[in-house]
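# Overview (structure and organization)
Each chain, written out:
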Amino acid sequence: MLAAGIVPARAQGLPPMSAILIDARTGQQLYAQNANEPRYPASLTKLMTLYLLFEALRDHRITFDQMMPVSVHAASVEPVKLGALPGSRITVQEAILGMVTLSANDAATIAGEFLAGGDETRFAALMTLKAHTLGMNDTVFRNASGLPNPNQVTTAHDLSILARRLIIDFPDDYHFFSTASFLFHGRVIFNHDHLLKSYPGADGMKTGYTNAAGHNLVTSAVRGGVRLIGVIMAAPSNYARDRTMAAMLDQGFAQELGGSAKMAALQATQAARQAQDQGPVVPATAPVATSNPRAVAANGGYGGRSDWSLDLGSYNSKAAAYKALRIGQREARGGVVHLAIARGKTKHPGYHAWIASVSEAHARAACIAMNHYGRPCAPVHPSGARSRELAER
């Protein structure tokens, strides 16, 4: 067990919060503070909505590109939301991305209604039933999004069970939780989870906040081959929440990675992450138009269909770079978009755009089409060698 002072809430003069840390492989509890106290889950509720979506995808009851109708109720839920209009439709994949990045309440409601025949109340009952099946015995759900409801309660302990089962039960879908941003109807939507960028080894999962719930966070991180899952609930601020989570994970890894070999692996992981963070790359988005992400993940690619890329060249403005990315993604029929800030001798930065995780055939065809219309594009072999030079912009 970890030392009692791992979450220094009282020493900081903060009100008590709930916290738990477990080993993702074994489920062993490494630390707990108020872990069984009833709490409002806020947007951590969406972890169960996502669980049921992933379950339906796994069982082939739905597909990633299946269109889900937007009801008047779903469109009218309180922000934060994607802003889908009543009578329109969004795909299952767009709903997933909206939940893991923006924590979009309309996306969750749309998904819940879709899975339960248009009845969110019925979906909440299915959520509660699944929670109890998983061993989350102190959890009751009342909606798909986590919007305030006095009868919607859970515990840090129960959420650690859910987080672990998401990783174990859906290994081919877990990558969605590390999505840094994605394009939705011409907008770039960024992830709310600060630890994805600031904590070495963190690769998901979810934030949550309401006035009554406080600041909540579930984080999974890997170092030296060890994956830990932490849950923080009822923190007084985002800063306290993130700092407490980082301290809890640090001490957990220090304990679990005892021994010189494991510590060397940890140091290598940290060095790699630091080298990555020093670069100018804006984190990659998740795929927007990939037909079967699960099959891709099984083949070792992150959210794409192969290891080829499209180099789309550099631009003087973000708007121009985003336009190139949208066109390139359309021509390549998917892929993972990237944008890097390239600072030269002038005080104004440039923006270099490229799309990863596409097949060779799609990479070559997309670049032929874009070059035909005078746009820079070069297919890039997985080795990093470009098949031909970029056309001049």
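Residues numbered from 1 in each chain as written. Predicted model: local features only at pLDDT ≥ 70, side-chain atom pairs only at ≥ 80, totals over all residues. Heavy atoms only, no water.

## A few points about the pairing of strand E8 (residues 214-223)
The buried fraction of E8 is high, at nine of 10 residues. Pairing of strand E7 (residues 202-210) with E8, which is carried by eight bridges, proceeds in the antiparallel orientation. Within the sheet, the bridge partner assigned to Thr207 lies in E8 and is Leu217. In the sheet, E8 pairs with strand E9 (residues 226-235) via eight bridges, with the strands oriented antiparallel. Residue His215 lies in a different strand from E9, and its bridge partner there is Ala235. Linking two consecutive strands that pair antiparallel, namely E8 and E9, is a turn of two residues; a positive phi of about 55 degrees is found at Gly224 within it. (Buried < 20%, exposed > 50% of the residue type's maximum accessible area, 1.4 Å probe, protein only. Helix = DSSP H or I, 4+ residues; strand = E, 2+ residues; numbered from the N terminus. Pairing = 2+ DSSP bridges.)

## Brief notes about the pattern of salt bridges
Summed over all chains, the structure comprises nine salt bridges. For Asp59, the salt bridge goes to Arg58, with nearest N and O atoms at 3.2 Å. Residue classification places Asp59 among the partly exposed residues on the basis of a relative accessible area of 37%. Its relative accessible area of 36% is what places Arg58 among the partly exposed residues. (Salt bridge = Lys/Arg side-chain N within 4 Å of Asp/Glu carboxyl O.)

## Overview of helix H4 (residues 105-115)
Among the 11 residues that make up H4, 10 are buried, leaving the element largely enclosed by the rest of the structure. Tucked inside the fold, the buried residues of H4 contact helix H1 (46-58), strand E3 (67-69), helix H2 (72-76), strand E4 (89-91), helix H3 (92-101) and helix H5 (120-133). Positive phi appears at Gly117, one or two residues downstream of H4, with a value of about 65 degrees. (Contact = heavy atoms within 4.5 Å.)

## Regarding the sheet that holds E9
The sheet built from five strands is open, its strands ordered E2-E1-E9-E8-E7 with antiparallel pairing. Two strands lie at the open edges of the sheet, namely strand E2 (29-33) and E7, each paired on one side alone. Across the sheet, the axes of successive neighbouring strands diverge by a mean angle of 5 degrees, strand direction being ignored. One ladder, built from four bridges, connects strand E1 (residues 18-23) with E2; its direction is antiparallel. If you follow Leu21 over to E2, its bridge partner there is Tyr31. (Axes fitted to C-alpha atoms, helices over the stretch in contact; angles between N-to-C directions.)

## Here's the deal with the packing of aromatic side chains
Geometry of an aromatic ring pair is reported as the spacing of the ring centres plus the angle between the planes. Applying the stated criterion across every chain, the model contains seven aromatic pairs. Taken together, a centroid distance of 6.2 Å and an interplanar angle of 85 degrees make the contact between Phe54 and Phe177 edge-to-face. Of this pair, Phe54 sits in helix H1 while Phe177 is found in the loop between helix H6 (156-169) and strand E5 (181-184), placing the two residues 123 residues apart along the sequence. Phe177 shares its class with Phe54; the two are buried. Aromatic side chains Tyr174 and Phe177 sit 5.6 Å apart centroid to centroid with 40 degrees between the ring planes, which places their arrangement in the tilted category. The pair Tyr174 / Phe177 is uniform in exposure class, with both members buried. (Phe/Tyr/Trp six-rings, centres within 6.5 Å; stacked < 30°, edge-to-face > 60°.)

## Observations concerning the environment of His338
Within the secondary structure layout, His338 lies in strand E12 (residues 336-342). Classification of His338 by relative accessible area gives buried; the value is 16%. Spatially, the C-alpha atoms of His338 and Phe182 are 10.0 Å apart, while their sequence positions differ by 156 residues.

## Section: helix H12 (residues 360-372)
Its 13 residues place the ends of H12 18 Å apart at the C-alpha level, agreeing with the 18 Å of an ideal helix rising 1.5 Å per residue. Regarding H12, the residues found buried are Ala363, Ala366, Cys367, Ala369, Met370 and Asn371. Lining the buried residues of H12 we find strand E11 (308-315), helix H11 (318-332), strand E13 (350-358) and strand E14 (378-380). Looking at the residues trailing H12, positive phi occurs at Gly374, about 80 degrees. (Expected span 1.5 Å × (residues − 1).)

## A look at the layout of surface pockets
Empty space within the second largest pocket amounts to approximately 340 Å³. Every residue lining the second largest pocket is counted, 20 residues in all, and those nearest its centre are Ser43, Val80, His192, Gly208 and Tyr209. Elements that contribute at least two residues to the lining of the second largest pocket include exactly E7 and helix H8 (238-256). Considering every element that reaches the lining of the second largest pocket, the biggest residue donor is E7, with four residues. Split into classes, the residues belonging to the lining of the second largest pocket amount to seven nonpolar, 12 polar and one charged. (1 Å grid on protein atoms, 1.4 Å probe; cavity = no way out; pocket = protein on both sides within 12 Å on 5 of 7 lines; lining within 4 Å. Points joined across faces, edges and corners; volume = space filled by probe spheres on them. Nonpolar A, V, L, I, M, F, W, Y, C, P; charged D, E, K, R; others polar.)

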